[in-house]
Amino acid sequence: MTRPRISLNFAISADGKISSVAKRPSGWTSADDHARLLQLREGADALLVGRGTLEADRMTLKAPGDPLRCVVSRSGNFDPAHPLFHTPGGAIHLLATNGPAPAIPGTTAHRGSLADFLTTLSTLGVQRLHCEGGGELARELATLDALDEIHLTWAGHTLFGGRSAPTISGVPAEFLPASREYELVHFDPRPQTGECFLSYRRQR
Ligand SMILES: NC(=O)c1ccc[n+]([C@@H]2O[C@H](COP(=O)([O-])OP(=O)(O)OC[C@H]3O[C@@H](n4cnc5c(N)ncnc54)[C@H](OP(=O)(O)O)[C@@H]3O)[C@@H](O)[C@H]2O)c1
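Note that the structure is predicted; figures quoted are calculated from it, not measured.

K.L.:
Explain the pairing of strand β7 (residues 149–155) here, please?
P.N.:
Each regular strand displays side chains that alternate between the two surfaces of the sheet. A large share of β7 lies buried, amounting to 6 of its 7 residues. Direction of pairing for strand β1 (residues 5–13) relative to β7: parallel, over a ladder of 7 bridges. Note on β7: the bridge partner recorded for Ala11 is Thr153. Here β7 pairs with strand β9 (residues 195–202) via 7 bridges, running antiparallel. The residue bridging Ala155 from the neighbouring strand is Glu195, located in β9.

Written as structure tokens, this is what we have:
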């Protein structure tokens with residue numbers, strides 16, 4: 001599969017959760033974590049999120065250089081009133097894998113698989129694709145073995161618990177087809193906030 005190089009960024013709690021309940025927005029980490037989130041967007045040709053994260057975090061996906069703003073959905077059920085569609089920035093590409101092609105004015109609609117969408121982004125010139133979740137989308141990228149870099153904010157100051165609270169590979173379910181192994185390339189503890197910034201690169 002021809003695809004862009006893909007990086008992923010998440011904040012995780014001490015028990016490996018990305019939010020306390022499936023629908024709770026993020027915002028439980030530090031201002032430094034938010035600054036890092038913005039920094040990691042720099043240099044990306046496109047940003048990618050799942051529709052759940054777009055909705056939960058009211059994202060507008062803005063970054064220097066106006067990277068493409070990509071959102072994936074199975075249903076194609078996008079809310080035309082969402083702030084994303086009313087905020088200037090990079091061109092918006094919406095994928096519906098199962099439902100009808102999304103018809104939101106000013107956006108480009110795609111139908112088909114996530115893997116095919118990644119190939120399409122490549123043909124559009126996207127070399128670096130940066131994903132900000134959520135867990136369900138990251139799980140499919142991991143299943144495709146398409147995660148080249150993982151950036152984590154280890155927020156060990158908080159425990160969530162919760163059987164239905166998602167992790168970076170979604171709500172706990174079956175094993176991936178195989179374990180994916182990464183090497184540590186960056187380690188930056190922040191004693192002031194009780195967090196640690198970590199970056200891993202896929203070992204191939
Ligand atoms: N801690 C962090 O750094 C962080 C980062 C991101 C998100 N979060 C949190 O995580 C929670 C959302 O997690 P989530 O797992 O529900 O998020 P998600 O993956 O963003 O959203 C799930 C939805 O996205 C679409 N989707 C996901 N994978 C897809 C695929 N492979 N193909 C097509 N569509 C796909 C589907 O949309 P349709 O329903 O439209 O079919 C699915 O219902 C929120 O509470 C958010 O705040 C935390």
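K.L.:
Could you clarify how one ought to interpret the pattern of salt bridges in this entry?
P.N.:
Opposite charge on two side chains makes pairing possible when the charged atoms of those side chains draw close. One pass over the full model with this rule turns up 11 salt bridges. The closest approach of N and O atoms between Asp148 and Arg204, which form a salt bridge, is 2.9 Å. With Asp148 in the loop between α4 (135–143) and β7 and Arg204 in the segment after β9, this pair connects stretches of sequence that are 56 residues apart. Between Arg201 and Glu183 there is a salt bridge whose closest N-O contact spans 3.6 Å. Taken together, the positions of Arg201 in strand β9 and Glu183 in strand β8 (residues 182–190) put the pair 18 residues apart, joining distant regions of the chain. Connected through shared salt-bridge partners, Arg3, Asp145, Asp148, Arg202 and Arg204 make up one network.

K.L.:
Looking at this model, I keep getting lost on the side chain of Arg36. Mind explaining?
P.N.:
Position of Arg36 among the secondary structure elements: in helix α1 (residues 31–41). Asp33 is the oppositely charged side chain nearest to the buried, salt-bridge-free Arg36, at an N-O distance of 5.8 Å. Setting aside residues no more than four positions away along its own chain, Arg36 makes contact with Asn9, His151, Leu152, Thr153, His186, Phe197, Leu198 and Ser199.

K.L.:
Before we go on, may I ask you to explain the packing of aromatic side chains in this structure?
P.N.:
Here a ring pair, both rings aromatic, is described through the centre-centre distance and the interplanar angle of the planes. Inspection of every chain in the model, using the stated rule, returns 2 aromatic pairs. When the ring of Trp28 is compared with that of Phe160, the centres are 4.9 Å apart and the planes differ by 75°; the resulting orientation is edge-to-face. In this pair, Trp28 sits in the loop between β1 and α1 while Phe160 sits in the loop between β7 and β8, placing the two residues 132 residues apart along the sequence. The exposure class of Trp28 is buried, given its relative accessible area of 14%. The interplanar angle of 85° and the centroid separation of 6.4 Å between the aromatic rings of Phe78 and Phe85 together place this pair among those described as edge-to-face. As far as burial versus exposure is concerned, Phe78 and Phe85 are alike and both buried. Positioned over the ring face of Tyr182 is Arg202, at 5.8 Å from the centre of the ring.

K.L.:
Before we go on, may I ask you to explain α1 in this structure?
P.N.:
Since one α-helical turn is 3.6 residues long, residues separated by three or four positions face the same way. Three or more residues of α1 are buried, namely Asp33, Arg36, Leu37, Leu40 and Arg41. All buried residues of α1 project into a common sector of 145° when viewed along the axis, lining one side. Projecting away from the buried face of α1 at angles above 90 degrees are the exposed residues Ala31 and Gln39. Against the buried residues of α1 lie β1, β2 (46–50), β6 (128–131), β7, β8 and β9. The N-capping residue of α1, defined by a side-chain oxygen 3.3 Å from the backbone nitrogen of Asp32, is Ser30.

About the criteria used
- Residues numbered from 1 in each chain as written.
- Predicted model: local features only at pLDDT ≥ 70, side-chain atom pairs only at ≥ 80, totals over all residues.
- Heavy atoms only, no water.
- Buried < 20%, exposed > 50% of the residue type's maximum accessible area, 1.4 Å probe, protein only.
- Helix = DSSP H or I, 4+ residues; strand = E, 2+ residues; numbered from the N terminus.
- Pairing = 2+ DSSP bridges.
- Salt bridge = Lys/Arg side-chain N within 4 Å of Asp/Glu carboxyl O.
- Lys, Arg positive; Asp, Glu negative; His and termini not counted.
- Contact = heavy atoms within 4.5 Å.
- Phe/Tyr/Trp six-rings, centres within 6.5 Å; stacked < 30°, edge-to-face > 60°.
- Lys NZ or Arg CZ within 6 Å of the ring centre and 35° of its normal.
- Arc of directions from axis to C-beta.
- Polar contact = N/O pair within 3.5 Å; in protein donor to acceptor, adjacent residues only side chain to side chain.

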